[in-house]
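Each chain is listed here by its residues.
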Amino acid sequence: MDAGTAVASSEKPESSAAVSLPLGPAAMAKGEKAWVTSGDKLMMKHPEPTFTKVPPQTHLDQKLSVCSKLCFAIGGAPNQVAGSATAFFLQIYLLDIAQINPFQASVVLFVGKAWGAITDPIVGFFITKSKWTKIGRLMPWMMGCTPFMVVSYFYLWFVPPFTSGRFIWYLGFYCLYQTLITCFHVPYSALTMFLSTDQRERDSATAYRMTAEVLGTLVGAAIQGQIVASAHTLKHCPHRNLTTGHLGNSSGTEVIRSMAISQDFLSHAKEVYMIAAGVIGGLFLVCTVVMFLGVKERDDPYASKTDKAIPFHKGFILVMKHGSFLTLTAAFLFISVAIQLIQSNFVLFCTYAVELRDHFQNIVLTILMSAAVSIPFWQWFLEKFGKKTAAFCGITWIMPFTVMLAFIPNLIVAYVVAVSSGISVAASLLLPWSMLPDVVDDFRLANRSSKGHEAIFYSLYAFFTKFAAGISLGVSTLCLQFAGYDTGACRQPPPVVYTLKLLIGAAPVACITTGLMILLVYPISEDVRLRNKLALEELRSQSISCKSLRVDLSSA
């Protein structure tokens, strides 16, 4: 296999003690050889290597222990726990417990989602301006925002004593929570690049992280569901009031009795939601402390201490021009839209299209459990056969089964589809976060003088994926509205059933197919990834040698 990368030494060193360093843009303009990355391969061929091949084994100082990987994974789990709780229960909480009208609830949810997407690049900008501290550059962000995030999350589930301003209350705290969770998630995602310089170690840490996050989603749905289950029963409603009361035939005494019981029950519902918020907030604090104690953030080993962080606007332009990042983001945009369509419409599909309303909770848990179990398999698969191959095999797996469920509405088929869907969900979660560090490495070789660009990559990727999720939710809801969806009805008209089948079957298949077609032109193959790894190892060796030389000269 051709190594395909090279380092060109300066022909006229300034002194006999000078150390060869990678060439900058000026040297490249003079026609000298330089690094070649995936983004450049259409313009020039890879030169022959002029450096000694670095052994493939991991440096001992870059080897991550199982404890470090576990602590890193635990740090990201509470985000998914809270995300699962809000995804399943925030809407019904705003309507039934906080009792704001549906239009106000939709504004809260939409504006909160949009604000969360907007804050990603903003937080990425401020992270690029951050200075290195004793505990790192990213860790202070996560440790600093966690207490405020817990407080905002708790008050998101608190019903204020006033009624006229509740809409503003929930809109403000939901946007505040989205801002603070972004301040945690963007540096946490970028932390992958600062755990180790070895690609295998980073991929392994990502697998640990994805497993913990899938388990966090499962735990969030289970904890929130079990604690607040009593807030959504019909036992508090008199039987007579459930039937004739809605027709206006109940007596005044029955109405007063029903109102008294409802007020007592509403107080109970408020309490259980606050208990659930307190439990999840406590998990946030504990898991963040565990991550802080068990994870060491390493400084960028490929740049000297004199390198300045890249300005955000220049970094934004460079990132948006980097072909491998655009290809990866576009591909997984469509794939994430497909997964989001299935996830957001699955409960409605089970309830109204296939008459599985008594089983949807167990089916959802089956999907999440299958995903959690499958992540180690996909980690082994991508190491054995490559990441692009894993993406194609893992994500295409879901397509025939979703179509099968749409045309064969059967309980056994539903559980088969749940297990198969979980396998693909695991691949869709693991692979983009495993491939994104490879894109950052590729960018690093193409822009060797830049530093501090990691947060830009992760914040922009999060922005685009959140934006795509918001569009998919909005479009699917509009489709149901145009089909004649009847809110609160026990059964939906045939056009709604047909629309739900399209949203579960045909639409995700079309999005996945589009995403995979884009992924075909993703330029970082396994050969390119290995060449980049060798080039980065050489760059790291030169940086260490240069620093050692400076120390020797200063002590002489």
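Look up a bit, the structure's there.
Bear in mind the structure is a predicted one, so any value in this text is a computation, not a measurement. (Residues numbered from 1 in each chain as written. Predicted model: local features only at pLDDT ≥ 70, side-chain atom pairs only at ≥ 80, totals over all residues. Heavy atoms only, no water.)

Participant: Is there a simple way to explain the overall build of the chain in this structure?
Facilitator: Per the secondary structure count, the chain includes 17 helices and zero strands. Counting the 556 residues in the chain, one finds 51% classified as buried. Considering only contacts within the chain whose residues lie at least 6 apart along the sequence, 84% involve residues at least 24 apart. Of the accessible surface of the chain, which amounts to about 25600 Å², a share of 67% is contributed by carbon and sulfur atoms. (Helix = DSSP H or I, 4+ residues; strand = E, 2+ residues; numbered from the N terminus. Buried < 20%, exposed > 50% of the residue type's maximum accessible area, 1.4 Å probe, protein only. Contact = heavy atoms within 4.5 Å. Areas by Shrake-Rupley, 256 points an atom, 1.4 Å probe, with all protein chains shown as cover.)

Participant: Even after reading the chapter, I still don't get helix α5 (residues 166-190), so can you show me in this structure?
Facilitator: Owing to its 3.6 residues per turn, the α-helix brings residues three or four apart onto one side. The end-to-end C-alpha separation of α5 is 36 Å, in line with the 36 Å expected for 25 residues at 1.5 Å each. Counting buried positions over the 25 residues of α5 gives 20, a clear majority of the element. (Expected span 1.5 Å × (residues − 1).)

Participant: Help me understand a nonpolar patch on the surface in this model?
Facilitator: Taken together, Trp115, Ile118, Ile122 and Phe126 make up a surface patch of nonpolar side chains, about 370 Å² in accessible area. Considering the arrangement of structural elements, one finds Trp115 in helix α3 (residues 102-128). (Patch = residues over 30% accessible without salt bridge, like charges linked within 9 Å, V, L, I, M, F, W, Y side chains within 5 Å. Salt bridge = Lys/Arg side-chain N within 4 Å of Asp/Glu carboxyl O.)

Participant: Just to check I follow, could you spell out the nonpolar core for this structure?
Facilitator: The tendency in soluble globular proteins is for nonpolar side chains to be buried as a group. Core analysis: the biggest nonpolar cluster contains 131 residues, and Tyr93, Trp157, Tyr170, Leu191 and Phe332 have the highest contact counts within it. Beyond its immediate stretch of four places on either side in the chain, Tyr93 contacts Ala98, Gln99, Leu156, Trp157, Phe158, Val159, Tyr170 and Tyr273. (Core = buried A, V, L, I, M, F, W, Y, C linked by side-chain atoms within 4.5 Å.)

Participant: Any chance you could explain the packing of aromatic side chains here in plain terms?
Facilitator: For any two aromatic rings, the description comes down to two numbers: the centre-to-centre distance and the angle of the planes. For the structure on display, the rule yields 25 aromatic pairs. Between the aromatic rings of Phe158 and Trp169, the centroid separation amounts to 6.1 Å while the plane-to-plane angle is 50 degrees, which identifies the pairing as tilted. Taken as a pair, Phe158 in the loop between α4 (139-156) and α5 and Trp169 in helix α5 lie far apart in primary sequence, 11 residues in all. Each ring, one from Phe184 and one from Phe284, has its centre 6.4 Å from the other, and the planes form 85 degrees; the classification is edge-to-face. Here Phe284 lies in helix α8 (residues 252-294) and Phe184 lies in helix α5, a separation of 100 residues in the sequence. Among the aromatic residues, ring-to-ring pairing joins Phe154, Tyr155, Phe158, Phe162, Trp169 and Phe173 into one connected group. (Phe/Tyr/Trp six-rings, centres within 6.5 Å; stacked < 30°, edge-to-face > 60°.)

Participant: Looking at this model, I keep getting lost on α4. Mind explaining?
Facilitator: An ideal rise of 1.5 Å per residue puts 26 Å on 18 residues; α4 measures up with 25 Å between its terminal C-alpha atoms. The sharpest bend along α4 measures roughly 35 degrees and falls at Thr146, with the proline Pro147 sitting one to four residues further on. Among the residues making up α4, those that are buried are Met139, Met142, Cys145, Thr146, Met149, Val150, Ser152, Tyr153 and Leu156. (Bend = angle between axes of the 7 residues up to and from the residue.)

Participant: Looking at this structure, I do not really get the packing of helix α12 (residues 387-396) against helix α14 (residues 411-446). What am I missing?
Facilitator: The geometry of a pair of packed helices is captured by two quantities: the angle between their axes and the separation between those axes. Contact geometry for α12 and α14: axes closest at 9 Å, N-to-C directions at 160 degrees. Judged by the angle between their axes, α12 and α14 are roughly antiparallel. Note that α12 runs across α14; the crossing there is left-handed. In contact with Lys387, Lys388, Ala390, Ala391, Gly394 and Ile395 of α12, α14 contributes Ser424, Ala427, Ser428, Leu431, Ser434, Met435 and Asp438. Per-class residue counts for the contact of α12 with α14 are six nonpolar, four polar and three charged. (Axes fitted to C-alpha atoms, helices over the stretch in contact; angles between N-to-C directions. Parallel < 35°, antiparallel > 145°, perpendicular 65-115°, else oblique. Left-handed = near helix turned anticlockwise from the far one by under 90°. Nonpolar A, V, L, I, M, F, W, Y, C, P; charged D, E, K, R; others polar.)

Participant: Sorry if this is basic, but what is going on with the pattern of salt bridges here?
Facilitator: Should their charged atoms come close, side chains of opposite charge can pair. Taken as a whole and judged by the stated rule, the model has four salt bridges. A salt bridge links Glu213 to Arg209; the nearest nitrogen and oxygen atoms lie 3.0 Å apart. Of this pair, Glu213 and Arg209 both sit in helix α6 (residues 199-228), four residues apart, which is roughly one turn of that helix. The two residues Glu213 and Arg209 agree in class, both being buried.

Participant: It is not clear to me how the packing of α12 against helix α13 (residues 398-407) should be interpreted in this structure. Could you clarify?
Facilitator: Axis separation between α12 and α13 bottoms out at 5 Å; the angle between their running directions is 10 degrees. By the angle class used here, α12 and α13 are roughly parallel. Where α12 abuts α13, its residues Gly394, Ile395 and Thr396 lie against Ile398, Met399 and Pro400.

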